[in-house]
Each structure stands twice: as structure tokens, then as C-alpha cells.
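Observations on chain architecture
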Amino acid sequence: MYSNDLKIPVSAFAAGLGDHRIVTALCPGGKERMRRLMNVVASGRIDLGVLVTHEYKLDDIVAAYELFANQRDGVLKIAVKPR
């Protein structure tokens, strides 16, 4: 999400090579879809905890970001805990 206008340098985008177009849209029903997903999680019908492959303390958040940014060690999701 962008709070200001997003400026795309069109000359660098296609550089005159090929037929390119930019298509944008809002996610239709996004709020409703998220509400339904949260209801499924709250009901216990799905356990998203299995997606958490690593846990870090808040003091080690820089290492957590570095791991995730470089997609090492089979990382899917990282839980950052206060202590």
C-alpha cells in the first residue's frame, strides 16, 4: 500500500522493448476475505503455527530480518517474541 502517488519511471520500465502495460486494482472483498480467514483460524480448524519455522527474541530482530530477506535455512515465517 502506498499513501502517496506511486511514480513509475516509464522510460526505464519498458525501455522501448516490447509491449508492456501496468494493470492495477484493489483487492475485491479483501476485508471480508480476511474476516473469514480470521474466523477459520479462531475456530481451530486450521493451525497456521506450522508455518513458523524460526523463532527469535525481539533483541535479535536484525538477524531475523536478515534470515528472512535471504531465504536461508528453509525459513517460511519467523515469530519474533518480546523475550
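A short tour of the structure in this document, coming up. (Residues numbered from 1 in each chain as written. Predicted model: local features only at pLDDT ≥ 70, side-chain atom pairs only at ≥ 80, totals over all residues. Heavy atoms only, no water.)

Turning to unusual backbone geometry, a few remarks are in order. One non-glycine residue, Gln 71, lies in positive phi territory at about 45 degrees. Mapped onto the elements of the fold, Gln 71 is located in the loop between α3 (61-69) and β2 (77-81). Even without glycine at this site, Asp 73 takes up a positive phi of about 55 degrees. By the element assignment, Asp 73 lies in the loop between α3 and β2. (Helix = DSSP H or I, 4+ residues; strand = E, 2+ residues; numbered from the N terminus.)

Attention now moves to the environment of Ile 78. Note that Ile 78 resides in strand β2. Ile 78 has contacts with His 54, Tyr 56, Ala 64, Leu 67 and Phe 68, leaving out every residue within four places of it along the chain. (Contact = heavy atoms within 4.5 Å.)

Okay, the pairing of strand β1 (residues 52-57) next. The pairing of β1 with β2 spans five bridges and is parallel. The partner of His 54 across the bridge, within β2, is Ile 78. (Pairing = 2+ DSSP bridges.)

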